[in-house]
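# Secondary and tertiary structure notes
Single-letter residue listing:
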Amino acid sequence: LHGIPENSRQPKMKALILAAGFGTRLKPLTNELPKPLFPVLNRPILEHTLHFLSSQGIKEIAINLHHRPKKIIDYFGDGKDFGVNLHYSKEEKILGTAGGIKKLQSYFQNETFLVINSDVFADINLNDILKFHKEKKSILTLVVRQDANIEKYRSIQRVEEGRIVHFLGKGIKNSEPVTQVMFTGIQIMEPDIFSRIPEDKFCGTSEDVFPGMIQDEMPVYGFLHDGYWIDMGTRETYIQAQTDALDGKLSLKTSSSRNPEGPLVVPPVHIGKNCKISQDAQLGPYAVLGDGCRVLSGSVVENSILWPGATVGNNSSVQNSIIGEGVAIDFGINVKDRSMSSNEKTPLP
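Presented here is an overview of the structure given in this document.

The rules behind these values
- Residues numbered from 1 in each chain as written.
- Predicted model: local features only at pLDDT ≥ 70, side-chain atom pairs only at ≥ 80, totals over all residues.
- Heavy atoms only, no water.
- Core = buried A, V, L, I, M, F, W, Y, C linked by side-chain atoms within 4.5 Å.
- Buried < 20%, exposed > 50% of the residue type's maximum accessible area, 1.4 Å probe, protein only.
- Contact = heavy atoms within 4.5 Å.
- Helix = DSSP H or I, 4+ residues; strand = E, 2+ residues; numbered from the N terminus.
- Pairing = 2+ DSSP bridges.
- Phe/Tyr/Trp six-rings, centres within 6.5 Å; stacked < 30°, edge-to-face > 60°.
- Axes fitted to C-alpha atoms, helices over the stretch in contact; angles between N-to-C directions.
- Parallel < 35°, antiparallel > 145°, perpendicular 65-115°, else oblique.
- Left-handed = near helix turned anticlockwise from the far one by under 90°.

### Focus: the nonpolar core
Residues Leu 53, Ile 61, Ile 63, Leu 114 and Phe 121 are the most contacted members of the largest nonpolar core, which totals 56 residues. Those residues in contact with Leu 114, other than ones at most four positions away along the chain, are Met 13, Lys 14, Ala 15, Leu 16, Leu 53, Ile 58, Leu 126, Ile 186, Gln 187 and Ile 188.

### Here we look at the pairing of strand S1 (residues 14–18)
For S1, a buried count of five out of five residues is recorded, marking the element as mostly surrounded by other parts of the structure. Of the two faces of S1, both are covered, the one formed by Lys 14, Leu 16 and Leu 18 as well as the one formed by Ala 15 and Ile 17. Note that S1 and strand S6 (residues 113–117) share five bridges and pair parallel. Bridge pairing links Ile 17 to Ile 116 in S6. Sheet analysis places S1 next to strand S4 (residues 60–65), joined by four bridges and oriented parallel. Paired with Ile 17 across the bridge in S4 is Ile 63.

### Things to note about the packing of aromatic side chains
What the rule picks out here adds up to twelve aromatic pairs. Ring geometry for Phe 38 against Trp 307: centres 4.7 Å apart, planes inclined by 75°, an arrangement best described as edge-to-face. Of the two residues, Phe 38 is situated in the loop between helix H1 (29–32) and strand S2 (39–40) and Trp 307 in the loop between strand S21 (304–306) and strand S22 (311–312); the sequence distance between them amounts to 269 residues. Assessed through its relative accessible area of 0%, Phe 38 is described here as buried. With a relative accessible area of 4%, Trp 307 lands in the buried category. Following the ring pairs from residue to residue traces out a cluster consisting of Tyr 107, Phe 108, Phe 113 and Phe 194.

### Digging into the packing of helix H2 (residues 45–55) against helix H3 (residues 69–76)
The contact between H2 and H3 brings their axes to 11 Å, and the two run at 50°. What the angle tells us is that H2 and H3 run oblique. Crossing handedness for the pair H2 and H3: right-handed. Listed contacts from H3 to Leu 46, Glu 47 and Leu 50 of H2 are Ile 72, Tyr 75 and Phe 76.

### Considerations on H2
With ten of its eleven residues buried, H2 lies for the most part within the structure. Directly after H2, the chain includes Gly 57, whose backbone phi takes a positive value near 90°.

### Remarks on the environment of Ile 45
As for its placement among the helices and strands, Ile 45 is situated in helix H2. Accessibility expressed as a relative area gives 0% for Ile 45, which makes it buried. Taking C-alpha positions, Ile 45 is 7.7 Å from Lys 35, a pair spaced ten residues apart along the chain. If sequence neighbours within four positions are ignored, Ile 45 has contacts with Lys 35, Pro 36, Phe 38, Val 40, Ser 118, Asp 119, Phe 121 and Met 232.

### Considerations on helix H7 (residues 205–215)
Among the eleven residues that make up H7, eight are buried, leaving the element largely enclosed by the rest of the structure. Within H7, burial applies to Thr 205, Ser 206, Val 209, Phe 210, Pro 211, Gly 212, Met 213 and Ile 214. Of the residues flanking the end of H7, it is Glu 217, one or two places downstream, whose phi is positive at about 60°.

### Observations regarding unusual backbone geometry
The phi torsion of most residues other than glycine is negative, and most of the peptide bonds are trans. Of the consecutive residues Lys 27 and Pro 28, the connecting peptide bond is found in the cis state with omega at 5°. Along the chain, Pro 28 turns up in the loop between S1 and H1. That bond from Pro 267 to Pro 268 is cis: its omega, 5°, falls within 30 degrees of zero. Position of Pro 268 relative to the elements: it lies in the loop between helix H8 (235–246) and strand S15 (269–271). A positive phi is found at Asn 42, a non-glycine position, where the angle reads about 70°. With respect to the helices and strands, Asn 42 occurs in the loop between S2 and strand S3 (43–44). According to the relative accessible area criterion, Asn 42 is partly exposed, its value standing at 24%.

### Overview of the environment of Pro 191
Here Pro 191 is to be found in the loop between strand S12 (178–189) and H7. Residue class for Pro 191 comes out buried when judged on its relative accessible area of 17%. Not counting residues within four places of it along the chain, the set of residues in contact with Pro 191 comprises Gln 109, Asn 110, Glu 111, Thr 112 and Phe 113.

### A word on the side chain of Gln 187
When you line up the elements, Gln 187 lands in strand S12. Exposure remark for Gln 187: the relative accessible area of 2% places this residue in the buried category. Not counting the four nearest positions on each side in its chain, Gln 187 is found in contact with Phe 113, Leu 114, Val 115, Leu 140, Thr 141, Leu 142 and Phe 210.

Shown next, in the form of structure tokens:
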């Protein structure tokens, strides 16, 4: 997400962080904690996003909310503690991406603005995207990337000079060679888009708005990003983001980490405050522990995230898993490829 130098040509746009979703693929953890509050190296995903935006000069930020909004508002307040000014848009009924943008029309007024998903990290300079957007006289600029597994993603086609000519089944006549790309969840919009979105109605950008814009030959462009990017929508990618941060592929502002020393500590690891780790417990590689965790005698934690107050019992193991806040895993239990929340019973051995 980070490591972009501050400079005098920073964009002065407002931004919208999309944070209203249910985080369905991360259930049961999202039943209790909204995904924007999931810790990454012991700071919420959304806190990292705010730092990313503010470090590049964007301080006026709206956040749309629906699922467990109070928890997010209670944590971030007016944003002053995080160096930004926050405006919350609470959706009584969920409105979809486009509907959420439409609800904020008066906030953005007649200005160019940025929209970013709450669960993506990317090492990207927003000023470069804004410059591209203005040079192309674009109404909508999507940050896109090429991906080795492109068949996993729905079809978006871009010509070399950047124009998007095909979007999810809708396209325009084009004789130039195209490159298949995927959308990163980061975009710059002009206020022209508001006229294409119905008011107070569920509406998606990718499903309902963008294809029509392409078909109507509006200037829609794709800024090609070839650096780091991850979408933390699944257990695997949520764990992967923390692995990448521990490996230095992703630079994040973090709380200080105490690396315990012991014969069975295999770095890299990131440990919160007041954790108790037995000398004969194996920790790591790629273990991230929140504050107040306990890892007891003979246990193993690797490639996993323990949220605050979690306990791994004697002779138990946790691999490729997320253990929710306050969850206690009993003696002799093996947890692998799981997400466990506090309202879930511990698995049987």
